[in-house]
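Residues per chain, in single letters:
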Amino acid sequence: MTDTTRTFSIRVPATSANIGPGFDVVGLSLSLSLTLHVSYPLNSSSPSHVPPSITYTGEGADEVPLDAYKNLTTRVALYVLRCHSIRSFPSQLIIQVNNEIPFGRGLGSSGAAVIAGVLLGDQLGNLHLPTERLLDFALMVERHPDNVTAALVGGFVGSYLKELDEADAAAASVPLSEVLPEYPPDAGEDWGLNPPAPPLGIGHFVRFGWSESIKAVAIIPRFELSTAKAREVLPTEYSRKDLVFNLQRLAVLTTALGQNPPDPGLIYEAMKDRIHQPYRKTLACLVLFFSMQIIPGLPEVTSSITPSTHPGLLGICLSGAGPTILALATGNYEAIAEDARNIFKEKGIEVDWKVLDIVGGSVVQ
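Small disclaimer: the values here were computed from a predicted structure and weren't measured. (Residues numbered from 1 in each chain as written. Predicted model: local features only at pLDDT ≥ 70, side-chain atom pairs only at ≥ 80, totals over all residues. Heavy atoms only, no water.)

### Considerations on the overall build of the protein chain
Here comes step 1: Scanning the protein chain for helices and strands turns up twelve helices and eleven strands.
Here comes step 2: Sorting the 365 residues of the protein chain into buried and exposed places 52% on the buried side.
Here comes step 3: Here the contacts in the protein chain between residues at least 6 apart in sequence split such that 78% fall between residues at least 24 apart.
Here comes step 4: Per element, the accessible surface of the protein chain, about 16200 Å² overall, is 53% carbon and sulfur. (Helix = DSSP H or I, 4+ residues; strand = E, 2+ residues; numbered from the N terminus. Buried < 20%, exposed > 50% of the residue type's maximum accessible area, 1.4 Å probe, protein only. Contact = heavy atoms within 4.5 Å. Areas by Shrake-Rupley, 256 points an atom, 1.4 Å probe, with all protein chains shown as cover.)

Printed below as a string of structure tokens:
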């Protein structure tokens, strides 16, 4: 590379959302990553604009679009650029992507792609946007704050969406088809130049403490589960009893996971949930049943692996919308994972598992 070529990298962590009772509220960043290596000449010698070149390795390499106007990350980057009156990508832009985050498993693959796109747009446009504004752009695409916030800032994070005034609420509710329109095959630089910019301060967050002794065991079944479909099975109303159940446990959990040493009895009970997990366990079975594969096993794993049967375990929950199961533990990781694997295997399901650290947020360097 010559001194007229700019290079940088973007690394975005995987995430797990909800963490038991924290539905759409808390997220956790994990030590799998989506990494972009980016380069482009500062003074292009090409007489005409050369479109971006994208290469992709790792998880999802066979299914990710390599056209910059179809790929989620580059579409988000172009959205950020055009909201700042920058019409196009730099000429001869090269993006090399490596992805460690499984698709459709509840480990934040789409949230990571969105955050990578926001950071890519910020870097290509030399915008120097503050963290809060980067989050605004992410929330115009990914409308739930838990995954994207954890991916951006890292650690164990709680977030909420601000109540907006009428005008800002309307701006933040623009259909995704208008924020990230489907580019037609003949789209040029003059197409889609004026996307709706996000209001200021859509999302807000706080980092909670996290005990360094706690790791996450991700038990990953070898099938995908659509987040959209996982939301469809959730009820539109809940009983007061169930809401109080979750609120009580969430209030305890956000402090308990930062204590040293962690209290297994306290955390295991505090990670129980009545808002989303009971419905999504059933969904995972139904989705695969109607695909001619009967997939029971999730309820058995979450109920039979406990601190009393597996010393070192603190709590167990669905990761995001599933089907990945996340076990938080201070030790005995292999026994926890292998016993979960055996439960799934008895039902005909193959799983992979990984012991993951809780990590910091996205890095640009």
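What follows picks up the thread again.
### Let's talk about the packing of helix H3 (residues 131-141) against helix H4 (residues 145-153)
Here comes step 1: Running from N to C, H3 and H4 cross one another at 145°; their axes reach a closest spacing of 10 Å. Crossing geometry of H3 relative to H4 is assigned as right-handed. Facing Thr-131, Leu-134, Leu-135, Ala-138 and Leu-139 of H3, the residues of H4 in contact are Pro-145, Val-148, Thr-149, Leu-152 and Val-153.
Here comes step 2: Taken together, the residues that form the contact of H3 with H4 break down as eight nonpolar, two polar and no charged. (Axes fitted to C-alpha atoms, helices over the stretch in contact; angles between N-to-C directions. Left-handed = near helix turned anticlockwise from the far one by under 90°. Nonpolar A, V, L, I, M, F, W, Y, C, P; charged D, E, K, R; others polar.)

### Remarks on the pattern of salt bridges
Here comes step 1: Taken as a whole and judged by the stated rule, the model has eight salt bridges.
Here comes step 2: Residues Asp-352 and Arg-222 are paired through a salt bridge, measuring 2.9 Å at the closest nitrogen-oxygen approach. Here Arg-222 lies in the loop between strand S7 (215-221) and helix H7 (227-232) and Asp-352 lies in strand S10 (residues 351-356), a separation of 130 residues in the sequence.
Here comes step 3: Using a relative accessible area of 34% as the deciding quantity, one classes Asp-352 as partly exposed.
Here comes step 4: Looking at Arg-222, the relative accessible area reads 49%, which means it is partly exposed.
Here comes step 5: The partner of Glu-300 in a salt bridge is Lys-347, and the shortest N-O contact between them spans 3.5 Å. You can see Glu-300 sitting in helix H11 (residues 298-304) and its partner Lys-347 sitting in the loop between helix H12 (333-346) and S10, a full 47 residues away along the chain. (Salt bridge = Lys/Arg side-chain N within 4 Å of Asp/Glu carboxyl O.)

### A short note on the sheet that holds strand S9 (residues 325-329)
Here comes step 1: Overall, antiparallel pairing links the four strands, which are arranged S8-S9-S7-S10 in an open sheet. The open sheet has two edge strands with one neighbour each: strand S8 (313-318) and S10. Across this sheet, the average inter-strand angle for adjacent strands is 20°, counted without regard to direction.
Here comes step 2: Note that S7 and S9 share five bridges and pair antiparallel. Within the sheet, the bridge partner assigned to Ala-218 lies in S9 and is Leu-326. (Pairing = 2+ DSSP bridges.)

Just distances and angles here, no functional claims.
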